[in-house]
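Geometric and topological summary
As a plain string of letters, each chain reads:
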Amino acid sequence: MDALRVAMNQSFSDYALPINLTAEAFDVMMRQRGLDRTASRVAIIDGEMAAIWLVSVRGAAAYLISSGTRPAYRRRGLSRALALDCLAALKSSGATSFQTEVLIDNTQAHNLYLSLGMTTARVLDCYSLSVPKSAVRRYEVSEVSWPSVAQTAPSLQDFPPSWQNDSASLNAIADDVQCHAVFDDAGMAGYAAVIPTTGTLAQIAVRQDRRRMGIAGALLSSYQDLQSLRVINADNASGTFRAFMTSFGAEPTLGQYELKMSL
């Protein structure tokens, strides 16, 4: 696992958004997204892990968690070789779909995915958000377990979360998710799910009939132990969520394309 972490960090070291994951953060990411060693591929050159293609499989759906090549080994066709071998094995094992995300400015990787037959399904926005200062509480915010709200959460959402933020991913790291919620007579009025290890706001939603009443602000301000939060992969088509981010002074960061293909 540590060799995979080092290879991933070095593969992304010169990207617009460099990655330098600690062992703990890497472990959470792989458990969250569901690393499947059998489905994944690595390229070894002279005993060095030169390139990675880390994959997750849920039922008939497969997902590329991360792919990259260390700078010294680029322009040798390693990513394409790993991709073709991996996709062929997935198809023969019964997988029927494959998806991933790619940074909008990563033209080379984007072109590779398109050449493999993938198409753009969504544009995804990302943000950096300062946690609002604690204010006079209009609502009682309760700390709850993720499993206790997971079943109700989708009914509050405007768009389905991307793979790493969806219910299955949060279920996989339930003990690492800090979840807060507001309840009223009708049930759960709003909730937020944060992964403190990575400082990520994985999900936040307020029931349709309780929006614009300060519930989201109360939820965000309940994370005073964190100074800032990352918001990764919000559907660009949701003007409501974009306006919500703007209202809290969130700073847009480099977004991604969500890509999919049938196998």
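Residues numbered from 1 in each chain as written. Predicted model: local features only at pLDDT ≥ 70, side-chain atom pairs only at ≥ 80, totals over all residues. Heavy atoms only, no water.

Quick notes on the pairing of strand S11 (residues 251-262)
Convention followed: The rule for pairing is simple: two strands pair if DSSP sees at least two bridges between them. Working definition: helices are DSSP H or I runs of at least four residues, strands are E runs of at least two. Numbering for both runs from the N terminus.
Here seven bridges tie strand S4 (residues 97-103) to S11, and the two strands are oriented antiparallel to one another. Among the inter-strand pairings, Thr-100 is bridged to a residue of S11, identified as Leu-259.

Digging into the nonpolar core
One broad rule of soluble globular proteins: the nonpolar side chains tend to lie buried together. Rule in force here: Each nonpolar core is a collection of buried residues, namely Ala, Val, Leu, Ile, Met, Phe, Trp, Tyr and Cys, held together in the definition by side-chain atoms within 4.5 Å. Per-residue accessibility, obtained with a 1.4 Å probe over protein chains only, is compared with the maximum for each type, and a residue is labelled buried under 20%, exposed over 50%, and partly exposed between these values. Any two residues whose heavy atoms approach within 4.5 Å at even a single point are treated as in contact.
Grouped together as the largest cluster of nonpolar side chains are 27 residues, with contacts concentrated most on Leu-201, Ile-204, Phe-241 and Met-245. Elements that contribute at least two residues to this core include exactly strand S5 (119-130), strand S8 (187-195), strand S9 (200-206), helix H7 (215-221), strand S10 (228-235) and helix H8 (239-247). Here this core gets five residues from one element, more than from any other, and that element is H7. The residues contacting Met-245, other than those within four sequence positions of it, are Tyr-127, Leu-129, Val-231 and Ala-250.

Topic: the pattern of salt bridges
Note the cut-off: Within this document, salt bridges are pairs made up of a side-chain nitrogen of Lys or Arg and a carboxyl oxygen of Asp or Glu, the two lying within 4 Å of each other.
Evaluation of the coordinates by the stated rule reveals 13 salt bridges. Between Asp-14 and Arg-74 there is a salt bridge whose closest N-O contact spans 2.8 Å. Taken together, the residues Asp-14 in the loop between helix H1 (2-11) and helix H2 (23-33) and Arg-74 in the loop between strand S3 (61-69) and helix H3 (78-92) connect sequence positions 60 residues apart. Note on Asp-14: relative accessible area 46%, which makes it partly exposed. The class of Arg-74 is partly exposed, set by a relative accessible area of 25%. In this structure, the salt-bridge partner of Arg-207 is Asp-209, at a minimum N-O distance of 2.6 Å.

Let's talk about unusual backbone geometry
Notably, Asp-46 is not glycine yet its phi reads approximately 50 degrees, a positive angle. Its place among the elements puts Asp-46 in the loop between strand S1 (41-45) and strand S2 (48-58). Judged by relative accessible area, which is 77%, Asp-46 ranks as exposed. Positive phi is not limited to glycine here, since Arg-75 has a value of about 60 degrees. Along the chain, Arg-75 turns up in the loop between S3 and H3.

As for the packing of aromatic side chains
We apply this condition: Any pair of Phe, Tyr and Trp rings, taking the six-membered ring for Trp, is counted once the centres come within 6.5 Å. Such a pair is stacked with planes under 30 degrees apart, edge-to-face with planes over 60 apart, and tilted for the rest.
Counting across every chain of the model gives six aromatic pairs. Pairing Phe-159 with Phe-241 gives two aromatic rings, centres 5.6 Å apart and planes at 90 degrees, and the pair type is edge-to-face. Of the two residues, Phe-159 is situated in the loop between helix H5 (146-150) and helix H6 (167-172) and Phe-241 in helix H8; the sequence distance between them amounts to 82 residues. Here the aromatic cluster, defined as three or more aromatic residues joined through ring pairs, consists of Phe-159, Phe-241, Phe-244 and Phe-248.

Focus: the pairing of S1
Going residue by residue along S1, you find Arg-41, Ala-43 and Ile-45 tucked away on one face and Val-42 and Ile-44 left uncovered on the opposite face. Pairing of S1 with S2, which is carried by five bridges, proceeds in the antiparallel orientation. In the sheet register, Ala-43 faces S2, and the bridge partner there is Ala-51. Between S1 and S2, which pair antiparallel one after the other, the connecting turn spans two residues, and Asp-46 there sits at a positive phi close to 50 degrees.

What to know about the side chain of Arg-70
Rule in force here: Distance and chemistry together define a polar contact, namely a pair of N or O atoms within 3.5 Å, with one atom able to donate a hydrogen and the other to accept it when in protein, and with adjacent residues in sequence counting only for side-chain atoms on both sides.
Among the secondary structure elements, Arg-70 is positioned in the loop between S3 and H3. Among the polar contacts listed, one links the side chain of Arg-70 to the side chain of Gln-10, at a separation of 2.7 Å. Sequence-distant contacts of Arg-70, that is, excluding residues within four places in its chain, are made with Val-6, Ala-7, Gln-10, Ser-11, Glu-48, Met-49 and Ala-50.

Digging into H3
Stated formally: Each residue after the first adds 1.5 Å to the expected span of a helix. It is the directions from the helix axis to the C-beta atoms that the arc portrays.
In a regular helix each residue adds 1.5 Å, so 15 residues correspond to 21 Å; H3 covers 21 Å between its end C-alpha atoms and thus fits that length. Those residues of H3 that fall on the buried side of the exposure criterion are Leu-78, Leu-82, Ala-83, Cys-86, Leu-87 and Leu-90. Relative to the axis of H3, the buried residues are bounded by an arc of 145 degrees and lie together on one face. In H3, those exposed residues whose orientation departs by more than 90 degrees from the buried face are Lys-91 and Ser-92. Looking at the buried positions of H3, the neighbouring elements they touch are S1, S2, S3, S4 and S11. Of the residues one or two after H3, Gly-94 is the one with positive phi, at around 110 degrees.

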